[in-house]
Each structure stands twice: as C-alpha cells, then as structure tokens.
Amino acid sequence: MNIPDWLMQGGWCLWLLIALSVISLSLIFYKLISFSKLGINLHSEYQFWLDTLPTVDKISFSDRHIRSNHPATRLMRFCVQILPSVIDKQILEDKVTLKAEQEVVQLKQGMRALEVISALAPLIGLLGTVLGMIDAFHNLQQAGTKVDPAILSGGISQALLTTAAGLIVAIPTTAAWHFFDNLITQHSAAMERLLTDYLSLPSTRLAF
C-alpha cells in the first residue's frame, strides 16, 4: 500500500496531528454519547425537581418519570436514601455536596484532553512549519549555486501543510470544548441551586 506523498511530505508532525485528530474525534463522540445517556440535554429535569422538592421524600424512585440517569435525579435519589441514616445536619450537607461534586466530575470526563489537544495542535503545526523552513533553507544551502526552485518549494509546502493541519485539528476541538464546557457550567449551576434549595427545606432542618 503506497503512502500518499502529502503524508510523507508532512513528516512526523503531520502524523502526530493525524493521531491527535483521531483522539479528538473519539473524545467528542464519547462526550456526545455520554451526555445523551445521562439525559444532560433535559434542562427541564432540574425544574421538575425544584417543583417537587417539598414532597421529594415521599417520591418513589421506581416511577417511570424519574427512572432517568440524569445527574439531578441521581442527586435527589442519593439525598432521599441517606437522609434517614444521617444524624447530623453538617454530615448531610457534606455528603450531598460530595455527591454533587462527583456528578460534576463525571460530566467533565475527557474535557482536559480536549483542552490540551486544542492548545497543542496549532503549536505542533507551527513546529512543523519551522522544521520545514529549516529543511528548505538547508537544502538550498547544500545546492550552492545550482539553485532549484523545487528545493525551496518542497520545504515551504511541508511548512504550509503542517500549519493547515494544526489549525484543522485545533478549530473543531476548541469549538467542541467550549460547547461542552458551557453545557457543564449550566448544569453545575443548576445542580448547585437544586442542592441549596434541598438543604433549606424544613424537612431536612427538622430532621435533626
């Protein structure tokens, strides 16, 4: 199987960028699938629980409408389960806060890798540009007085190729990272409000 000339011309920087693009696409699809399974797009879930908070301790979590794997539902399920066994208000707050933080950490899985790729890709492309230009001028120097424009153009072609590849990888990765980060921020804020309202319920205060 013949390797395309542009792959050979791009050098190891281009191969590295191709590998990063595969990782980036895999992470993006992973996040989309994960968010879909969590029902993360269902913002109405938070409003449902905010409206239901006064009677949350009487809810059966086997009911069809709250069997979802949404972070808000998991948080409320945890709150109701541990409330009878907790004897101190501070312990309750600590436990449910830790649970909320764990939910946010789960939402952030893979985000760090996307952020790193979005920052590294253009730098690697720039490195390929520099190496290509160095190689072009080195070949030009070796040619001496017998200057062939193809010698210089080959190095410049490699430089432009890796620069373009770096931007092609970085732009969609950065866009995806900002999209997911904004989504996570919105849900983190909604979860914090839900948790605050739950801990301020008379039922949770009178339980101690």
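In the block above lies the structure referred to throughout.
Residue positions within a chain follow its written sequence, with the count starting from 1. Local features are withheld for residues below a pLDDT of 70 in this predicted model, meaning they are given only at 70 or higher, and side-chain atom pairs are given and counted only at 80 or more; totals for whole chains, interfaces and linings count all residues. Side-chain measures here rest on the full set of heavy atoms in the structure, leaving out hydrogens and waters.

Turning next to the overall build of the protein. Of regular secondary structure, the protein possesses seven helices and zero strands. Along the chain direction, N to C, the helices and strands of the protein fall in the order α-α-α-α-α-α-α. Accessible area is worked out with a 1.4 Å probe on protein chains only. A residue is then buried under 20% of its type maximum, exposed over 50%, and partly exposed in between. Taken across its 208 residues, the protein has 37% of its residues classed as buried. Here the contacts in the protein between residues at least 6 apart in sequence split such that 75% fall between residues at least 24 apart. Computed with the Shrake-Rupley method and a 1.4 Å probe, the accessible areas treat only the protein chains shown as cover for residues. For the protein, the exposed area adds up to about 12,100 Å²; of that, 65% sits on carbon and sulfur atoms. For the purposes of this entry, the term helix denotes a DSSP run of H or I that reaches at least four residues, the term strand denotes a run of E that reaches at least two, and both are numbered from the N terminus. We call two residues in contact whenever any of their non-hydrogen atoms come within 4.5 Å of each other.

Here the focus is the packing of aromatic side chains. Any Phe, Tyr or Trp ring, taking Trp's six-membered ring, that has another such ring centre within 6.5 Å forms a pair; planes under 30 degrees apart are called stacked, those over 60 apart edge-to-face, and the others tilted. Using the criterion set out here, one finds two aromatic pairs in the structure. Centroid distance Phe-35 to Phe-180: 5.6 Å. Interplanar angle 80°. Geometry classified as edge-to-face. With Phe-35 in helix 1 (residues 5–38) and Phe-180 in helix 6 (residues 149–199), the pair connects residues that are 145 residues apart, well separated along the chain. Exposure class is identical for Phe-35 and Phe-180. Each is buried. Among the aromatic residues, those joined into a cluster by ring pairs are Phe-35, Phe-179 and Phe-180.

What follows covers the nonpolar core. In terms of nonpolar packing, the biggest core is built from 25 residues, with Trp-49, Met-76, Leu-194 and Tyr-198 touching the most fellow members. Elements represented by at least two residues in this core include exactly helix 2 (44–52), helix 3 (71–82), helix 4 (89–107) and helix 6. When residues in this core are grouped by element, the largest group, six residues, is from helix 3. Setting aside residues up to four positions removed in sequence, Met-76 forms contacts with Trp-49, Leu-53, Val-56, Phe-61, Leu-194 and Tyr-198. By convention a nonpolar core is built from buried Ala, Val, Leu, Ile, Met, Phe, Trp, Tyr and Cys residues, the set being connected through side-chain atoms within 4.5 Å.

Here we take up the packing of helix 3 against helix 4. In this analysis, axes come from line fits to C-alpha atoms, helices being fitted only over the stretch in contact, and the angle between any two N-to-C directions falls in the range 0 to 180 degrees. Closest axis-to-axis distance for the helix 3/helix 4 pair is 10 Å, and the angle between their directions is 155°. If you check the angle between helix 3 and helix 4, you find them roughly antiparallel. Relative to helix 4, helix 3 is oriented so that their crossing is right-handed. In this structure, helix 3 uses Pro-71, Arg-74, Leu-75, Phe-78, Cys-79 and Ile-82 to contact helix 4, whose residues at the interface are Leu-92, Lys-95, Val-96, Lys-99, Ala-100, Glu-103, Gln-106 and Leu-107. By residue class, the composition of the contact of helix 3 with helix 4 is nine nonpolar, one polar and four charged. For classification, angles of less than 35 degrees are called roughly parallel, those exceeding 145 degrees roughly antiparallel, those between 65 and 115 degrees roughly perpendicular, and all remaining angles oblique. Crossing handedness is read from the near helix: turned anticlockwise from the far helix by less than a right angle, it gives a left-handed crossing, and turned clockwise, a right-handed one. Only Asp, Glu, Lys and Arg are considered charged in this grouping, and only Ala, Val, Leu, Ile, Met, Phe, Trp, Tyr, Cys and Pro are considered nonpolar; every other residue, Gly among them, is considered polar.

Quick look at the pattern of salt bridges now. By definition, a salt bridge exists where a carboxyl oxygen of Asp or Glu is found within 4 Å of a side-chain nitrogen of Lys or Arg. Overall, the coordinates contain four salt bridges when judged by the stated rule. Taking the shortest distance from any N to any O, the salt bridge between Lys-99 and Glu-103 comes out at 3.3 Å. Here Glu-103 and Lys-99 lie together in helix 4, a separation of four residues that amounts to about one turn. Where Arg-193 meets Asp-197, a salt bridge forms, and the shortest distance between an N and an O atom there is 3.9 Å. Taken together, the residues span about one helical turn, with Arg-193 and Asp-197 both in helix 6 at a distance of four residues.

A surface patch of nonpolar side chains, about 870 Å² in accessible area, is lined by Trp-12, Leu-16, Val-116, Leu-120, Leu-123, Leu-126, Leu-127, Val-130, Leu-131 and Ile-134. Among the elements of the structure, helix 1 and helix 5 (111–143) are those that each provide at least two residues to the nonpolar patch. Broken down by element, the nonpolar patch gets its largest block of residues, eight residues, from helix 5. Each patch is built from residues that are more than 30% exposed by relative accessible area and take part in no salt bridge. Like charges join if they lie within 9 Å; nonpolar side chains (Val, Leu, Ile, Met, Phe, Trp, Tyr) join within 5 Å.

Shape descriptors only; they carry no functional weight alone.
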